[in-house]
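Examining the three-dimensional arrangement
Listed here are the chains, written in short residue letters.
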2 protein chains.
Amino acid sequence: MATLADVARHAGVSTATASRIINGSSKPVADALRTRVLAAVAELKYVPNAHAQMLARSHRSAVGVIVHDVSDPYFAEITRGLQRVATADGRLVIICNSFREPDRELEYIDLLHAHQVAAIVIAGSGYLDDATAARLDDRLRAFEATGGRIAVIGRHEHTGDAVLPDNEQGGYLAGAHLFDLGHTEVAVIAGPSYLTTTFDRLKGLQRAARKYGCKLPKKRIIHADFTRDGGEDATARLLTEQPEVTAIAALNDSMAVGALAALRTAPDRRLAVIGFDDMPIARDVTPSLTSVRLPLTELGERAMTLALGAAGDAPRVEHVEAALIIRQSTWSL
Amino acid sequence: MATLADVARHAGVSTATASRIINGSSKPVADALRTRVLAAVAELKYVPNAHAQMLARSHRSAVGVIVHDVSDPYFAEITRGLQRVATADGRLVIICNSFREPDRELEYIDLLHAHQVAAIVIAGSGYLDDATAARLDDRLRAFEATGGRIAVIGRHEHTGDAVLPDNEQGGYLAGAHLFDLGHTEVAVIAGPSYLTTTFDRLKGLQRAARKYGCKLPKKRIIHADFTRDGGEDATARLLTEQPEVTAIAALNDSMAVGALAALRTAPDRRLAVIGFDDMPIARDVTPSLTSVRLPLTELGERAMTLALGAAGDAPRVEHVEAALIIRQSTWSL
DNA sequence: ACGGTCTAGGAAAGCGCTTACCTCAAGCGT
DNA sequence: ACGCTTGAGGTAAGCGCTTTCCTAGACCGT
């Protein structure tokens, strides 16, 4: 492992000069030396030790991202936005998958803190449970206390910079669309009940129900896990247990796709299905899926922009609207 | 930012003792001190500086991953496998998206090198162009020369540990299936021509054609970019320019899904379509997609296992087989 | 030719941590 | 009671780099 000292010795200069040349410091250096040092770098295949650099200039450059799971399309989309902005700013992005386990999340916060990241962006971990949320918040504050910046995507215990998708409004849009079409017996395939995302989308749905004078009783709300298979199972149960239902609102597209799959096995039943998030697949399933679009990439971009921006005096909160995308999976009764 | 020295001072011990207590060193320490130090850690919200640690114990622990794009389902799947193994081994994973730009890839190799990662895993960058491949190989060797480990997924210029999906055989399987069904006029929607993945899959297809005494002339091979929209465009062109074609082999599922979408706009044309990779969506499109399955997660797991294993005397190469999954998008003529 | 101002390059002090080595005192056997 | 082992804890030397001085020669005006 070649070190800066090796390079300097090889070129017959001091480490100070070598460092200045390699980092393109503003201090002028004779061309002869520059050439010699650069030659030494090439010959020794010198690569500076990033850890030593970080230590010496106490200058944070990397940023951390904590999401549920990058390979989940929802978070993949968000992550894409985060990356775009961070990379454009010349920063290394460290991505951590929390799998929605608070302990793992806690661990990653400390890990990123230890790695001296400039900022942490957290998406998809709005826990309704206060104790859990408080524990997380405590660690986040510790990070902030050392000058780190934090931005969250989605409602979160942590009060600070945030980008908030309007899940409640999205839920309302979904509900209103179904009720508008004349469906009165609507079932909801929800996500895990401990997530704020689930809670808010449900709230919007309930508001729409009230507005249209319809009911959305507890038994019509089935909690699944945001996965395709979860949606399929829930729909299968629904089909036999609550045959009066004519429309399904799935709280994300993966579950909606599962619902469509379950319906395909029961060709005699024709239910309307609406999804959430408007993932790319929504266009390609049959029938194509009506969905509530959230501009996920933009969500990521804005969050990272907040995180990299100057530390604010007051927490900045940005709201992002949801939009209804009507396709063929919903129709009037 | 609290440092170890602060903690030590606060607890009235030396930094050596504090360090030993915090890292749970094997050296015995009086319980009274341990308690005091731990209390100081909690009170000062001390988080060790990972960079300083890395520097002090010259012990590499993180691992790097370079893929085309994590949010592409193909790589998401591979990444999932990589992560599982690395995390189980208690390592931080740094993921880099190369977007198949050799320069970016080069940059990331050096960056990971600079960050002293223990190993680098590279997926999806088998470049056919020798000059590009050689440049990459040079940087990889520099990394290996410092004790770093490398594993590649897919055919690659770099000779070393590798996990090789049998793309040629997969191509053969796809071709044989179509020819078996009686299709003689087959078109191929290929990926970028500079990728070994494209090359190998095509080679298998050609072998099947020869075996069945069919032709697969150049004009039947359309190069797209592995995206859904690319597949849709290519199919649209095909439909008008080569109406005699009765079956399409897309070299990945995204493009196959695009092909299905294009076909949907031409209900009078009924072409068979086969995809590649067997992504989760394959089950959920209509008609469900016949595809050549590659166990992507396993690919990732095995590559990371190689990368973390003991440095071998000889390069280890593992082969992974492809399998045909027949669904409804292919039928006999 | 001389004092003074630049300027290119070097010496060395850390950045925060680990750890090999050292010290000092308590505890042991005889 | 003495020398010796043992064990708890401290001292300080780096890990590889950046950067702040500082030095010494070059160059200027007079």
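No experiment lies behind these values; they were computed from the predicted model shown.

Side note on the side chain of Ser329 of chain A
Residue and element names in this part refer to chain A. With respect to the secondary-structure elements, Ser329 resides in the segment after strand E12 (323-325). Reaching out from Ser329, the side chain makes a polar contact with the backbone oxygen of Val273 at a distance of 2.6 Å. A polar atom in the side chain of Ser329 sits 2.8 Å from the backbone nitrogen of Thr290. Filtering out sequence-adjacent residues up to four positions away, Ser329 remains in contact with Leu271, Ala272, Val273, Pro287, Ser288, Leu289 and Thr290.

Section: the domain arrangement of chain A
When the parts come together, some accessible area is lost, and that loss is often what is quoted as the size of the interface. All names here are of chain A. Per the domain assignment, the segments making up chain A are domain 1 (4-56), domain 2 (63-165 + 297-320) and domain 3 (167-293). Once you take the C-alpha centre of each, domain 2 and domain 3 turn out to be 29 Å apart. With 8 residues of domain 2 at the interface, the matching set in domain 3 holds 11 residues. Both sides together, the interface formed by domain 2 and domain 3 hides about 1,100 Å², and carbon and sulfur atoms give 56% of it. When the buried surface of domain 2 facing domain 3 is broken down by residue, Arg100, Leu128 and Arg155 rank first, second and third, together holding 46% of it. At the surface where domain 2 touches domain 3, the tally comes to 0 salt bridges. Here domain 2 is connected to domain 3 by 1 residue pair in polar contact (both at pLDDT 80 or more). Residues of the side of domain 2 that touches domain 3, tallied by class, amount to 5 nonpolar, 1 polar and 2 charged.

Digging into the protein's contact with DNA strand D
Taken together, 27 residues surround DNA strand D, and among them Leu4 and Tyr46 of chain A together with Thr17, Lys27 and Pro28 of chain B come closest. Backbone atoms, meaning sugar plus phosphate, form 61% of the atoms of DNA strand D positioned within 4 Å of the protein. Here Ala52 of chain A contributes a backbone N or O atom positioned 3.4 Å from a base nitrogen of DNA strand D. Taking Ser14 of chain B, its side chain carries an N or O atom lying 3.0 Å from a phosphate oxygen of DNA strand D. Elements with a contribution of two residues or more to the surface near DNA strand D: helix H2 (15-22) and helix H4 (50-56) of chain A together with helix H2 (15-22) and helix H4 (50-56) of chain B. For the surface near DNA strand D, the element with the most residues is H2 of chain B, which contributes 4 residues. Looking at the surface near DNA strand D residue by residue, the class counts come to 14 nonpolar, 8 polar and 5 charged.

Let's talk about the interface of chain A and chain B
In this complex, chain A contributes 46 residues to the contact, which on the side of chain B involves 46 residues. Taken as a group, His51, Leu92 and Asp284 of chain A account for 17% of the area that chain A buries against chain B, more than any other trio of residues on that side. The interface formed by chain A and chain B contains 8 salt bridges. Between Arg283 of chain A and Asp229 of chain B there is a salt bridge, with the nearest N and O atoms lying 3.6 Å from each other. Remark: the boundary between chain A and chain B carries 14 residue pairs in polar contact (both at pLDDT 80 or more). Where the side of chain A that touches chain B is concerned, the elements lending two or more residues are H4, helix H5 (73-88), strand E2 (93-97), helix H6 (102-114), helix H7 (130-145), helix H10 (228-241) and helix H11 (253-264) of chain A. Top element by residues in the side of chain A that touches chain B is H6 of chain A. It accounts for 6 residues.

What counts and what doesn't
Residues numbered from 1 in each chain as written. Chains lettered and ligands numbered in written order. Predicted model: local features only at pLDDT ≥ 70, side-chain atom pairs only at ≥ 80, totals over all residues. Heavy atoms only, no water. Helix = DSSP H or I, 4+ residues; strand = E, 2+ residues; numbered from the N terminus. Polar contact = N/O pair within 3.5 Å; in protein donor to acceptor, adjacent residues only side chain to side chain. Contact = heavy atoms within 4.5 Å. Domains from an automatic or database assignment. Buried area = accessible area lost by both parts, 1.4 Å probe. Salt bridge = Lys/Arg side-chain N within 4 Å of Asp/Glu carboxyl O. Nonpolar A, V, L, I, M, F, W, Y, C, P; charged D, E, K, R; others polar. Near = heavy atom within 4 Å.

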